[in-house]
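# Inside the fold
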Amino acid sequence: MFNGCPGSKTADYRTKEPQGDAPATKAASQLRQWPIQLHLVSPVAPYYEGADVLLTADCVAYALGNFHADCLKGKSLAIACPKLDSGQEVYYKKIRSWIEDAKINTLTIMIMQVPCCSGLLRLAEKAAGDADRKIPIKYSVVDVHGEILKEEWL
Amino acid sequence: MEHYLNKGIKDIILEFPETGSILNEYNISCVSCNVGTCLLKDVVEVHNLPFEEEQALMLRIAKVIYPDRQVKVPRVERKVPAVAGEIKYSPPMRSLVDEHSVIKRVLALIPGILEDLNVSREDDKKLVLDVIDFIRTYADRYHHAKEEDILFKAFDEDLEIVKSMHEEHRIGRGHVQAVLAALETGDNRSIRKHLTAYRQLLTGHIKKEDEILYPWMDRNLSLSQVGELFARFAETDKKFSDTASRQKEFIRSLEEKFACEEVTANV
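Another aspect to go through is the overall build of chain B. Counting its secondary structure elements, chain B contains eleven helices and zero strands. When its helices and strands are written in sequence order, chain B yields α-α-α-α-α-α-α-α-α-α-α. Counting only C-alpha atoms and orienting by the principal axes, one finds that chain B spans roughly 65 × 45 × 35 Å. Looking at chain B as a whole, 50% of its 267 residues are labelled buried. Across chain B, every contact between residues at least 6 apart in sequence was considered, and the portion connecting residues at least 24 apart equals 78%. When the accessible surface of chain B is summed, it comes to about 13,900 Å², and 51% of that surface belongs to carbon and sulfur atoms. Counting 38 positive and 47 negative side-chain charges, chain B places the averaged centre of each group 1 Å from the other.

On to the interface of chain A and chain B, then. Facing eleven residues of chain A, the contacting portion of chain B comprises ten residues. Across the chain A to chain B interface the summed buried area is about 850 Å²; carbon plus sulfur atoms make up 70%. It is N105, P136 and W153 of chain A in chain A that bury the most area against chain B; as a group they hold 54% of the surface buried on that side. Where chain A meets chain B, there are one salt bridge. E152 of chain A is the partner of K88 of chain B in a salt bridge, and the nearest nitrogen-oxygen pair spans 3.2 Å. Sorting the residues of the side of chain A that touches chain B by element identifies β3 (106–112) and β5 (148–153) of chain A as the ones contributing at least two each. Residue composition of the side of chain A that touches chain B, grouped by class: three nonpolar, three polar and five charged.

Residues and elements named next belong to chain A. Here five strands make up an open sheet; going across it, the order is β2-β1-β3-β4-β5 and the pairing mixed. Each having just a single partner strand, β2 (76–80) and β5 make up the two edges of the open sheet. Each neighbouring strand pair of the sheet contributes to a mean axis angle of 15°, computed without reference to strand direction. Relative to β3, strand β1 (residues 52–57) runs parallel, the two sharing five bridges.

The next point concerns the pattern of salt bridges. Residues and elements named next belong to chain B. All chains considered together, the criterion is met by 20 salt bridges over all chains. We note a salt bridge from K146 to E99, for which the minimum N-O separation is 2.5 Å. Remark: E99 occurs in helix α6 (residues 91–115) and K146 occurs in helix α7 (residues 122–151); sequence separation between them is 47 residues. This pair shows no difference in class: K146 is buried, exactly as E99 is. One salt bridge in this structure joins R173 and D140, with 2.7 Å as the shortest N-O distance.

This brings us to the packing of aromatic side chains. All names here are of chain B. A full pass over the atoms with the stated rule returns eight aromatic pairs over all chains. Each ring, one from F134 and one from Y138, has its centre 5.3 Å from the other, and the planes form 10°; the classification is stacked. A residue pair is termed a helical-turn pair when its members lie 3 or 4 positions apart in one helix, as F134 and Y138 do in helix α7 at four residues. In terms of burial, F134 and Y138 fall into one category: buried. On the numbers, 5.5 Å between centres and 35° between planes, the contact of F155 with W216 is tilted. Residue F155 is found in the loop between α7 and α8 (160–185), and its partner W216 is found in helix α9 (residues 188–220); the two are separated by 61 residues along the sequence. With relative accessibility at 13%, the residue F155 sits in the buried group.

Next up on the list: the packing of helix α3 (residues 88–100) of chain A against helix α4 (residues 118–130) of chain A. Residue and element names in this part refer to chain A. Across the interface, α3 lies against α4 with an axial gap of 9 Å and an inter-helix angle of 45°. The angle between the axes of α3 and α4 places the two elements in the oblique class. Pair α3 / α4 crosses with right-handed handedness. Seen from α3, the contacting residues are Q88, Y91, Y92, I95, R96, I99 and E100; seen from α4, they are L123, A124, K126, A127, A128 and D130. The class makeup of the residues in the contact of α3 with α4 is eight nonpolar, one polar and four charged.

Note that predicted coordinates carrying low pLDDT should not be read in detail. Summary statistics for chain B give a mean pLDDT of 88 and a share of 94% for residues scoring 70 or more. Both confidence scores are given for the complex: pTM 0.84, ipTM 0.89.

The end-to-end C-alpha distance of α4 of chain A, which contains 13 residues, comes to 18 Å, matching closely the 18 Å that a straight helix rising 1.5 Å per residue would cover. Within α4 of chain A, burial applies to G119, L120, L121, L123, A124, A127 and A128 of chain A.

Okay, helix α10 (residues 223–239) of chain B next. In this model α10 of chain B runs 25 Å from its N-terminal to its C-terminal C-alpha over 17 residues, within 8% of the 24 Å that 1.5 Å per residue would give. All of the buried residues along α10 of chain B are L223, V226, G227, L229, F230, F233 and T236 of chain B. Contact partners of the buried residues in α10 of chain B: β1, β3, β4 (137–142) and β5 of chain A together with α6 and α7 of chain B.

With that settled, consider the pairing of β3 of chain A. In regular strands, side chains alternate between the two faces of the sheet. Residues and elements named next belong to chain A. Where burial is concerned, most of β3 is hidden: seven out of the seven residues are buried. Where β3 and β4 come together, six bridges link them in parallel fashion. By the bridge assignment, I109 is partnered in β4 with Y139. Regarding topology, α4 serves as the crossover connection from β3 to the parallel β4, and that connection is right-handed.

Core analysis: the biggest nonpolar cluster contains 50 residues, and L40, L57, L151 and M217 of chain B have the highest contact counts within it. Ranked by the residues each element gives to this core, the list is headed by helix α5 (residues 51–65) of chain B, at six residues. Core analysis: the second largest hydrophobic core is formed by 45 residues, L55, A57, F67 and W98 of chain A among them.

The rules behind these values
Residues numbered from 1 in each chain as written. Chains lettered and ligands numbered in written order. Predicted model: local features only at pLDDT ≥ 70, side-chain atom pairs only at ≥ 80, totals over all residues. Heavy atoms only, no water. Helix = DSSP H or I, 4+ residues; strand = E, 2+ residues; numbered from the N terminus. Buried < 20%, exposed > 50% of the residue type's maximum accessible area, 1.4 Å probe, protein only. Contact = heavy atoms within 4.5 Å. Areas by Shrake-Rupley, 256 points an atom, 1.4 Å probe, with all protein chains shown as cover. Lys, Arg positive; Asp, Glu negative; His and termini not counted. Charge placed at Lys NZ, Arg CZ, Asp CG, Glu CD. Buried area = accessible area lost by both parts, 1.4 Å probe. Salt bridge = Lys/Arg side-chain N within 4 Å of Asp/Glu carboxyl O. Nonpolar A, V, L, I, M, F, W, Y, C, P; charged D, E, K, R; others polar. Pairing = 2+ DSSP bridges. Axes fitted to C-alpha atoms, helices over the stretch in contact; angles between N-to-C directions. Phe/Tyr/Trp six-rings, centres within 6.5 Å; stacked < 30°, edge-to-face > 60°. Parallel < 35°, antiparallel > 145°, perpendicular 65-115°, else oblique. Left-handed = near helix turned anticlockwise from the far one by under 90°. pLDDT = per-residue confidence, 0-100. Expected span 1.5 Å × (residues − 1). Right-handed = clockwise from strand over helix to strand, strands pointing away. Core = buried A, V, L, I, M, F, W, Y, C linked by side-chain atoms within 4.5 Å.

Structure below.
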């Protein structure tokens, strides 16, 4: 019996029926920038200015089969892991700087359903709450099978 | 059926009155609408009925219009699929709904204000002028201006649903003009008539916007548009911050006054 962190619990879905067909043509990447890791990006990089920014937990893009077309298209991106990344006070400052300095248009946060992932949402909520400027913030919770369980405005 | 899908709903109800009762059964209140120029296809789309309910409604309407014919019921095209459940507004729409709550507090006080109104008394005349000032500055210049100058412009303004909202704003302004004219001549009856009509109009108008129009608009706005609306609303809020806080203070004082009078009357 596993009694540890649900985020680290081993699960094997190899017997699961594949959902839908693989795309007949190569799916185009919707990534419009580099870098993407939150420690590496500058919050005032030109691709964040006035942008619709997507901040996702690292695992989200692997769980969602259609991440590029459904979630990333038209947005500027940053990724982070609230469980493993160190120096998250820097993340707080960067999210705040997105809102105050880069004057981003909206912020969308995508996290996995595992409890430790909600730290990213709380961090973004705190940074946005402390920021002088306000913007609409949306969040989605994704399950390990690639379904969006919840999608709401903060 | 295609012909009727593109016809104004009031005209259809006039031609086939039973369709009004059918729409009522689905909580679609076109019968009591002040304008009624929305097309049947738009009415079906904006009310966000689940597919099965939409088909059942359209079938019943088709049977009324063509009682002797088998009519194929067309599916009304939607840009965004229907979403069931509780309404969840985007932040800019939420701010408009919150402003509606403020306006509704004044609408709720109107019957009490009108009860013993006699504008030959200076206090009563000032009270009516203060209510009109609220309607003109908060409801009209602040809130309706956000809708007309910003929100509606994000949509095709030739859509009947948008035109009908403009029309209701125009009718509301007409009632305000009539109240001011009646104040000049001291015509208490006309003041009562137009403030009551304004209250009825706005009560229905707000319900339509909160429950039908804003959720439909939210379903059709892109994320970028939501951000842009939010930023532009924030600019308007900044511009009108003194007005908004002054008017909220006015409502509080009005609520105290009329609540006190009600209590006194009940003793």
